[in-house]
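# Report on the structure
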Amino acid sequence: MSDGETEAGWVAPELRDELPGLGLRYALVERGSGRSPRELKQRLRELSDRFSGPQAINLRHQPIPWAYRVFYRHIGLDPDEQPTPVEELALERIKHGGFRSRSLLDDALTIAIMESGVALRAFDADKVSGAPGIRSSQPGEELEGRPGELPSGTLVIADEARPLALLVGATASGRGVVPRTKRTMLCALQVKGVPDIAVEEAIWLAGGVLQG
């Protein structure tokens, strides 16, 4: 797969039947994170101006954020207690008066999520074995860095060897992007009601920011 080209991750057959529309798309970017340049920080400030309080509050009623809210409820999560990625960023913008610049990758994800509404996350591509996908956890399985076994049937993003992250929540220790990361795997969670073009746009936006 060439740099920035998107591919479809796998979904366990039983989940395809239970959760129609569930999908994962991913792309590799030949760089890690780092400090955000001045131009990117300015882009964040402009994004903050566009998503003022009223717009941020009304995000949940737009089609893509609403699709994630429906999905969260379907898998037993309350989106008012555990916000979807775009709503979490919008709440942070209200709390702090703007989007805070943290790193090149974090800022890239913020821009892509807010512009598209799509749930994105990133992994160290060199710490992923084969293609990523979505499945249920197995009995006795753990998430690296988290104490105790995962409840059997927990939805996870996994590679061919182990869980990489909870589908909604924590990333396994050692699988996320760190300062020494050389290649980043961008992953977009697709659910029913989120169009393919939005998923592609989200990955393209984040990848474009990372590559400068």
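Notes on the structure follow. (Residues numbered from 1 in each chain as written. Predicted model: local features only at pLDDT ≥ 70, side-chain atom pairs only at ≥ 80, totals over all residues. Heavy atoms only, no water.)

### Some words on the sheet that holds strand 5 (residues 133-136)
This is how it is decided: Paired strands are those between which DSSP finds at least two bridges. Each helix corresponds to a stretch of at least 4 residues labelled H or I by DSSP, and each strand to a stretch of at least 2 residues labelled E; elements are numbered beginning at the N terminus.
Pairing is mixed across the open sheet formed by 4 strands, whose spatial order is 2-5-6-7. The strands lining the two open edges of the sheet, one partner per strand, are strand 2 (10-11) and strand 7 (163-166). As defined by bridge partners, strand 2 adjoins strand 5 across 2 bridges and the pair is classed as parallel. Among the inter-strand pairings, Trp10 is bridged to a residue of strand 5, identified as Gly133.

### What to know about the pairing of strand 7
Consecutive residues of a regular strand have side chains that alternate between opposite faces of the sheet. For strand 6 (residues 155-158) and strand 7, the ladder comprises 3 bridges, and the chain directions are antiparallel. Bridging across to strand 7, Val156 finds its partner in Leu166. Remark: 4 residues form the turn of the hairpin made by strand 6 and strand 7, two consecutive strands paired antiparallel.

### Describing the sheet that holds strand 4 (residues 119-124)
Cut-off, in case you're wondering: Axis definition: a line fit to C-alpha positions, over the contact stretch in the case of helices; interaxial angles, taken between N-to-C directions, run 0 to 180 degrees.
Reading across from one edge, 1-3-8-4 is the order of the 4 strands in this open sheet, with antiparallel pairing throughout. The open sheet has two edge strands with one neighbour each: strand 1 (6-8) and strand 4. Looking at each pair of strands side by side, their axes are set apart by 25° on average, direction ignored. As judged from the 3 bridges shared by strand 1 and strand 3 (residues 23-29), these two strands associate in the antiparallel manner. The residue bridging Thr6 from the neighbouring strand is Ala27, located in strand 3.

### Considerations on helix 6 (residues 104-116)
For clarity, the cut-off: To estimate the expected span of a helix, count its residues, drop one, and scale the result by 1.5 Å. Only protein chains enter the area calculation, which uses a 1.4 Å probe; residues under 20% of their type maximum are buried, those over 50% are exposed, and those in between are partly exposed. Residue contacts are defined here by distance: any two heavy atoms, one from each residue, within 4.5 Å place the two residues in contact.
Over its 13 residues, helix 6 runs 18 Å from end to end, which matches the ideal 18 Å to within 8%, given 1.5 Å per residue. Of all 13 residues in helix 6, 11 are buried; the element is thus mostly enclosed. Those residues of helix 6 not exposed but buried are Leu104, Leu105, Asp107, Ala108, Leu109, Thr110, Ile111, Ala112, Ile113, Met114 and Ser116. Of the surrounding elements, those touching the buried residues of helix 6 are helix 2 (38-50), helix 4 (63-74), helix 5 (85-96), strand 4, strand 8 (184-190) and helix 7 (196-211). Once helix 6 finishes, Gly117 follows within two positions and takes phi at roughly 85°, a positive value.

### A word on the side chain of Arg135
Note the following rule: Two N or O atoms form a polar contact when they lie within 3.5 Å of each other; inside protein one atom must be a possible hydrogen donor and the other a possible acceptor, and for residues adjacent in sequence the pair counts only when both atoms belong to side chains.
Mapped onto the elements of the fold, Arg135 is located in strand 5. Arg135 gets classed as buried once you look at its relative accessible area, which sits at 13%. Side chain to side chain, Arg135 and Glu141 meet in a polar contact 2.8 Å long. Those residues within four positions of Arg135 in sequence are excluded, and the remaining contacts are Trp10, Ala12, Leu15, Glu141, Thr154, Leu155, Val156, Ala158, Arg162 and Pro163.

### Describing the packing of helix 5 against helix 6
The cut-off we apply is this: Working definition: roughly parallel below 35 degrees, roughly antiparallel above 145 degrees, roughly perpendicular at 65 to 115 degrees, and oblique for all remaining angles. Gly counts as polar in this scheme, as do all residues outside two lists: the nonpolar Ala, Val, Leu, Ile, Met, Phe, Trp, Tyr, Cys and Pro, and the charged Asp, Glu, Lys and Arg.
In contact at an axis separation of 9 Å, helix 5 and helix 6 are set at 110° when each is read in the N-to-C sense. In terms of orientation, helix 5 and helix 6 fall into the roughly perpendicular class. Residues Pro85, Val86, Leu89 and Ala90 of helix 5 form the contact with helix 6, whose own contacting residues are Thr110, Ile113 and Met114. A per-class count over the contact of helix 5 with helix 6 returns 6 nonpolar, 1 polar and no charged.

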